[in-house]
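Chain by chain, the residues run as shown.
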Amino acid sequence: MDFSRSRDSLTARPCCFGGSMEAKPLVPAAQYVRMSTEDQQYSIANQEVAIQIYAKNHDYVVVSTYADAGKSGVAIKHRKELQRLLHDVTSGQAQYKTILVYDVSRWGRFQDVDEAAHYEFLCKSAGIPVRYCAEQFDNDGSLPSSMMKALKRTMAAEFSRELGSKVSQGQRRLALLGFRVAGAAGYGLRRMMVSPDGRRRIVLDHGERKAIQTDRVILIPGPKQEVDCVRTIFDLAANRRKSPSQIARELNKCHTQSWNGQPWDCWSVYRILTKDKYTGCNTYGKTTQKLGSPIQNVDHRLWTTKLDAFSSIVDRQTFDRAQKLIQKRLTRPKRPDADLIRGMKRVLAREGKLSQRLLAGKGILDHRTYRLRFGSVMKAYQLAGYKPSAATMKSSQSQRQIMLLRADLHTRLKQLFAGRVRFISLPSQTLQQVVELDGCLRIAVYLCRSTSEISTGEPGWYLRVRPLERGLPALICTMDKSFTQLLNFYVFPPLGDSFPTTRMFRENQAWLSSGRKLAKLDDLCDVVKDVVFESKNCERYTAVDDILISSDTCTITLGSQEITLGPFGSAIFNVLASNAGQVVSRYTLLRSVPGKVLEASHLNARIHRLRVRLGVQGRKRIQSVRGVGYMYVSPGRILTSVETKPGNHFE
């Protein structure tokens, strides 16, 4: 509950003293409430009721609410509302005089009790004390109060430790019974929910949880294409002695897609080869992360293992042969630096020059080996006796300067928005990272290098858009000519698929002025949220019958209901709706997603999911045309059969 009133109007109940009525001013207060899991649906409401009763009896009025729903009290890093409360208090922005909390455990179950005391001290030193409404002591700083509070903090921390131990024991028991306890199924496998007596219920999609607590989860083989791919990987590794990188190249030659639709690489193949779940083995406890501590590997002798728990995809003998070959490669002595230098010299003698592309193509070095063995590319060239051209030296120096600028920018953002931002790498991106704000909003960051190759002589910059980041709001940073300083910052809405991959822009160009220029980097978070909000309000829609199709997101609006279709479902529906009343061939639908070609066997499943999303009435709008494709039918037109005519389908 959040009661907003002006301070002048905050008055208490009339009280009678000596026969006269007197109004006592109420003290404005903030309430902090927290629950650990979403299952505790009434926890926050119960806390608020208790806090309201306490406030009424002690002449407080709640004017602000900070609520962390479904957040553990062990650490503060995921508790955004507590962080916001501390920021408001320490910055002087708080419009209240005290903080009301249900009890000590709601403030936190910090494993270091001094951490809980530290956060409370920050509030107290700012002149805003913390009051615990359900505790049997007054938080007044007296010796008995301080002793009880220290004891309560210790009990709150110990509760988490005991609960974690009980949960771990329970999960190990379930793992020994052959049930999947945690984690994604993985490529080639799916999670099946089963009843307590073993009856199979439904297959869970990625991210779905079982709805009934007494039900359990097992692993089953996934789609045939994925199962065949897993068997091919193990066959290449165990029988044909291929390395993970060689297997990845073989799969990419056959145009086999990985689980995320991206090309295969060495590490994605390696992860499959080292998972014994493909033999039907259920293994739990390979790593541990106790109470928010860093993840640690566990000795294999302490793992919980159940053999033949699931249906196997690969036989045990093939798996064991693959593991022996992997271990043999891992224990193979590292090539001496001298051998690498000799290999570089051979390439230099044959090609007359050296480059990263030439060396990587010959299997001698990659960019990681340069840094690990020699410190840099230029140092490796020097040891091989090759002197790069002046242009190559300048380019290498520029790259180092840009990397330093990017690292400095990341450091500044971490300092300005402590606890609110983190940096993550998108698939297949290793050098560039995107900024994630408040755990939900991602921002692409572009450092644009300066160029003087402009006929007008005006300063300009080059922007190269990365494909995976086209749907993210963008922070455009311009650099000076020496690559040592960032000049200006601009925030743009998502650039979209129509934006060119490479663009040169000038300072006074109309396109640049369409972005929001930051007066200072401190304004980044607020400006990005405004830009995203404005871009969402300016979405372009296409109307088909009573449906609004968004051209910027994967959603449609059917009546008063907004339906999220996802990228594949949205692309298929757009093609069908734009050709309403006409049959669209399967060939066209398989190529409806830009840059991708769906598997023919997957199209029926995609259409089924699309119909489910549209609901009971909406699903009737997509009609099947046997042997040809599908057609969108406007409401009110009832079809018992669909006749195809020449030229009525689209190839």
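Bear in mind that the values here come from a model prediction, so they are computed numbers and not experimental data.

Caption draft 1: Quick look at the overall build of the chain. A count of helical and extended segments in the chain gives 19 helices and 29 strands. Per-residue burial for the chain yields a buried fraction of 41% across its 651 residues. When the accessible area of the chain is evaluated, it comes to approximately 37600 Å², of which 52% is carbon and sulfur surface.

Caption draft 2: Spatial organisation of helix α14 (residues 390–416). Relative to the 39 Å expected for 27 residues at 1.5 Å per residue, α14 spans 39 Å between its end C-alpha atoms, a close match to the ideal helical length. All of the buried residues in α14 are Ser396, Ser398, Gln401, Ile402, Leu405, Arg406, Leu409, His410 and Leu413.

Caption draft 3: Structural view of the sheet that holds strand β9 (residues 216–221). In space, the three strands of this open sheet follow the order β8-β7-β9, with antiparallel pairing throughout. One side of each edge strand has no neighbouring strand; the edge strands of this open sheet are β8 (200–204) and β9. Here the strands of the sheet are splayed against their neighbours by 35 degrees on average, with no regard to which way each runs. Relative to β9, strand β7 (residues 189–194) is paired through six bridges, and the arrangement is antiparallel. By the bridge assignment, Arg190 is partnered in β9 with Ile220.

Caption draft 4: Geometry of the nonpolar core. Grouped together as the largest cluster of nonpolar side chains are 30 residues, with contacts concentrated most on Ile233, Phe234, Trp264 and Tyr278. When contributions to this core are tallied by element, the ones reaching two or more residues are β7, β9, α6 (224–238), α7 (244–253), α8 (266–273) and α9 (316–330). A total of eight residues in this core trace back to one element, the largest contributor, which is α6. Discounting chain neighbours no more than four positions away, the residues touching Trp264 are Tyr187, Cys229, Ile233, Ala248, Leu251, Asn252, Thr256, Gln257, Ser258, Val269 and Ile272.

Caption draft 5: How the structure looks around unusual backbone geometry. At Arg241, a residue that is not glycine, the phi angle is positive and equals roughly 55 degrees. When you line up the elements, Arg241 lands in the loop between α6 and α7. For Asp308, which is not a glycine, the phi torsion comes out positive at approximately 55 degrees. On the secondary structure map, Asp308 appears in the loop between β13 (304–306) and α9.

Caption draft 6: Spotlight on the confidence of the model for the chain. Scored by pLDDT, the chain comes out at a mean of 80, with 84% of its residues at no less than 70. The secondary-structure element of the chain with the lowest mean pLDDT is strand β1 (residues 11–17), recorded at 50, while strand β5 (residues 98–101) shows the highest, at 94. A low-confidence stretch, residues 638–651 (pLDDT under 50), is modelled with 24 contacts involving residues beyond four sequence positions or located in other chains.

Caption draft 7: Quick peek at the packing of helix α4 (residues 113–125) against helix α5 (residues 143–176). One can describe the packing of α4 onto α5 by two numbers: an axis separation of 9 Å at closest approach and a directional angle of 125 degrees. It follows that α4 is oblique to α5 by the angle criterion. Both α4 and α5 take part in a crossing whose hand is right-handed. Of the residues in α5, those in contact with Val113, Ala116, Ala117 and Glu120 of α4 are Lys149, Arg153 and Thr154. By residue class, the composition of the contact of α4 with α5 is three nonpolar, one polar and three charged.

Caption draft 8: View of the packing of α6 against α9. Two elements in contact, α6 and α9, have axes separated by 8 Å at closest approach and are oriented at 55 degrees. In this view, α6 runs oblique relative to α9, as classed from their interaxial angle. Two packed elements cross with a definite hand, and for α6 against α9 that hand is left-handed. Contacts between α6 and α9 pair Phe234, Ala237 and Ala238 from the former with Thr318, Phe319, Arg321, Ala322 and Leu325 from the latter.

Caption draft 9: The arrangement of the packing of aromatic side chains in detail. A full pass over the atoms with the stated rule returns eleven aromatic pairs. An aromatic cluster is built from Phe234, Tyr278 and Phe319, whose rings are joined through pairwise contacts. Looking at Lys286, its charged tip hangs above the ring of Trp303, at a distance of 5.2 Å from the centre.

Caption draft 10: Inspection of the environment of Arg412 at higher detail. Topologically, Arg412 is positioned in helix α14. With near-sequence residues (within four places) excluded, Arg412 lies in contact with Phe489 and Leu521.

Caption draft 11: Region of interest: the sheet that holds strand β22 (residues 516–517). If you trace the six strands from one edge of the open sheet to the other, you get β14-β15-β16-β19-β20-β22, paired in mixed fashion. At either end of the open sheet lies a strand with only one pairing partner, and these are β14 (421–424) and β22. Pairing geometry for strand β20 (residues 486–492) and β22, over two bridges, is antiparallel. When the sheet's bridge partners are listed, Tyr490 is paired in β22 with Lys517. Strands in contact with α14 are β14, β15 (434–437), β16 (441–448), β19 (474–479) and β20; relative to β16, the strand with the most contacts, it is inclined by about 145 degrees.

Caption draft 12: Layout of the state of the cysteines. Overall, the coordinates contain zero disulfides when judged by the stated rule. Here Cys477 is not cross-linked by a disulfide; its sulfur's nearest cysteine counterpart is in Cys448, at 7.3 Å.

Caption draft 13: Molecular detail of the pairing of β5. Because side chains alternate across β5, one face comprises the buried residues Thr98 and Leu100, and the other comprises Ile99 and Val101, equally buried. Bridge count for strand β3 (residues 27–34) against β5 is four bridges, and the pairing is parallel. If you follow Ala29 over to β5, its bridge partner there is Thr98. Across three bridges, the pairing between β5 and strand β6 (residues 130–132) is parallel. Residue pairing across strands places Val101 opposite Tyr132, the latter belonging to β6.

Caption draft 14: Examining α6 more closely. Across its 15 residues, α6 extends 21 Å between first and last C-alpha, which sits within 8% of the 21 Å expected from 1.5 Å per residue. Among the residues making up α6, those that are buried are Glu226, Val227, Cys229, Val230, Ile233, Phe234, Leu236, Ala237 and Ala238. Looking at the buried side of α6, the elements it contacts are β7, β9, α7, α8 and α9.

Caption draft 15: Layout of the pattern of salt bridges. Within this structure, the stated rule accounts for 20 salt bridges. Salt-bridge contacts for Asp215 lead to Arg201; the nearest nitrogen and oxygen are separated by 2.8 Å. Taken as a pair, Asp215 in the loop between β8 and β9 and Arg201 in strand β8 lie far apart in primary sequence, 14 residues in all. By relative accessible area, Asp215 is classed as buried at 0%. Sharing partners across several salt bridges, the network here consists of Glu81, Arg84 and Asp88.

Caption draft 16: Structural view of a nonpolar patch on the surface. Judged by side-chain polarity, Met148, Leu151 and Met155 come together as a nonpolar surface patch covering roughly 280 Å² of accessible area. Residue position: Met155 is located in helix α5. Looking at Met155, the relative accessible area reads 47%, which means it is partly exposed.

The rules behind each value
- Residues numbered from 1 in each chain as written.
- Predicted model: local features only at pLDDT ≥ 70, side-chain atom pairs only at ≥ 80, totals over all residues.
- Heavy atoms only, no water.
- Helix = DSSP H or I, 4+ residues; strand = E, 2+ residues; numbered from the N terminus.
- Buried < 20%, exposed > 50% of the residue type's maximum accessible area, 1.4 Å probe, protein only.
- Areas by Shrake-Rupley, 256 points an atom, 1.4 Å probe, with all protein chains shown as cover.
- Expected span 1.5 Å × (residues − 1).
- Pairing = 2+ DSSP bridges.
- Axes fitted to C-alpha atoms, helices over the stretch in contact; angles between N-to-C directions.
- Core = buried A, V, L, I, M, F, W, Y, C linked by side-chain atoms within 4.5 Å.
- Contact = heavy atoms within 4.5 Å.
- pLDDT = per-residue confidence, 0-100.
- Parallel < 35°, antiparallel > 145°, perpendicular 65-115°, else oblique.
- Left-handed = near helix turned anticlockwise from the far one by under 90°.
- Nonpolar A, V, L, I, M, F, W, Y, C, P; charged D, E, K, R; others polar.
- Phe/Tyr/Trp six-rings, centres within 6.5 Å; stacked < 30°, edge-to-face > 60°.
- Lys NZ or Arg CZ within 6 Å of the ring centre and 35° of its normal.
- Disulfide = S-S within 2.5 Å.
- Salt bridge = Lys/Arg side-chain N within 4 Å of Asp/Glu carboxyl O.
- Patch = residues over 30% accessible without salt bridge, like charges linked within 9 Å, V, L, I, M, F, W, Y side chains within 5 Å.

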